[in-house]
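Residues per chain are reported as follows:
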Amino acid sequence: KGNKLIIKDVHGTTLYKETIQHTGNYAKGFDLTTLPNGDYFFEVDKGLQISVIPFSVDFEKVSFNKEAENVIHKPFVRTKNNAVYVTKLSLQESPLTIKVYYEDKFSYELIHIEKIEDAVTLEKVFRLDENEKGNYKIVIEDEGRTFTNYLKV
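Bear in mind that the values here come from a model prediction, so they are computed numbers and not experimental data.

Peer 1: Quick question: what am I supposed to make of the packing of aromatic side chains here?
Peer 2: Centre distance and the angle of the planes are the two values used to describe a pair of aromatic rings. Taken as a whole and judged by the stated rule, the model has 8 aromatic pairs. When the ring of Phe42 is compared with that of Phe64, the centres are 6.2 Å apart and the planes differ by 15°; the resulting orientation is stacked. Here Phe42 is found in strand β3 (residues 38-46), whereas its partner Phe64 is found in strand β5 (residues 61-64), with 22 residues between them in sequence. By relative accessible area, which is 40% here, Phe64 ends up partly exposed.

Peer 1: When you look at the nonpolar core in this model, what are you seeing that I'm missing?
Peer 2: Here is a general trend for soluble globular proteins: nonpolar side chains tend to be buried in one another's company. Judged by nonpolar contacts, the single largest core of 16 residues is most densely connected at Val77, Val84, Val86, Ile98, Ile138 and Ile140. Only β8 (83-89), β9 (96-104), β11 (121-127) and β12 (135-142) provide two or more residues apiece to this core. Here this core takes 4 residues from β9, the largest share from any one element. Dropping the residues within four chain positions of it, Val77 is found in contact with Val84, Tyr85, Val86, Ile138, Ile140, Asn149 and Leu151. Listed in part, the 7 residues of the second largest apolar core include Leu5, Leu32, Tyr40 and Val57.

Parameters at a glance
- Residues numbered from 1 in each chain as written.
- Predicted model: local features only at pLDDT ≥ 70, side-chain atom pairs only at ≥ 80, totals over all residues.
- Heavy atoms only, no water.
- Phe/Tyr/Trp six-rings, centres within 6.5 Å; stacked < 30°, edge-to-face > 60°.
- Helix = DSSP H or I, 4+ residues; strand = E, 2+ residues; numbered from the N terminus.
- Buried < 20%, exposed > 50% of the residue type's maximum accessible area, 1.4 Å probe, protein only.
- Core = buried A, V, L, I, M, F, W, Y, C linked by side-chain atoms within 4.5 Å.
- Contact = heavy atoms within 4.5 Å.

Put into structure tokens, the structure is as follows:
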């Protein structure tokens, strides 16, 4: 319950999106043969990971590429006192960028940016100025995706 099922084309355009409403096994039929010839992806977005399942449509024939299935681990962000804790698993050791913004009146101002490379497990702590209470935005760019977290400290 609460997981998202998404079908996207190769350009990242969402063709179908559904939030699963019930706990347990999920079964639903899709007539993928009606899609135009091309490459597509099923994505199952659950908790801290996104399972990506590629498939192709070629003249009403659908084939799944099991070898290219991939799991993307989403970052986990939490706060305690004036610290922001970021953890992220990256089995591909792909470079990622973390941007920290502070809300200044009606917009967010970039206060820190950091690029991290060659890390399987990222565990990062950002200490925020005790005198700068307010709203923060943490943006993490990894594996071609952007994850945004809004925090109040």
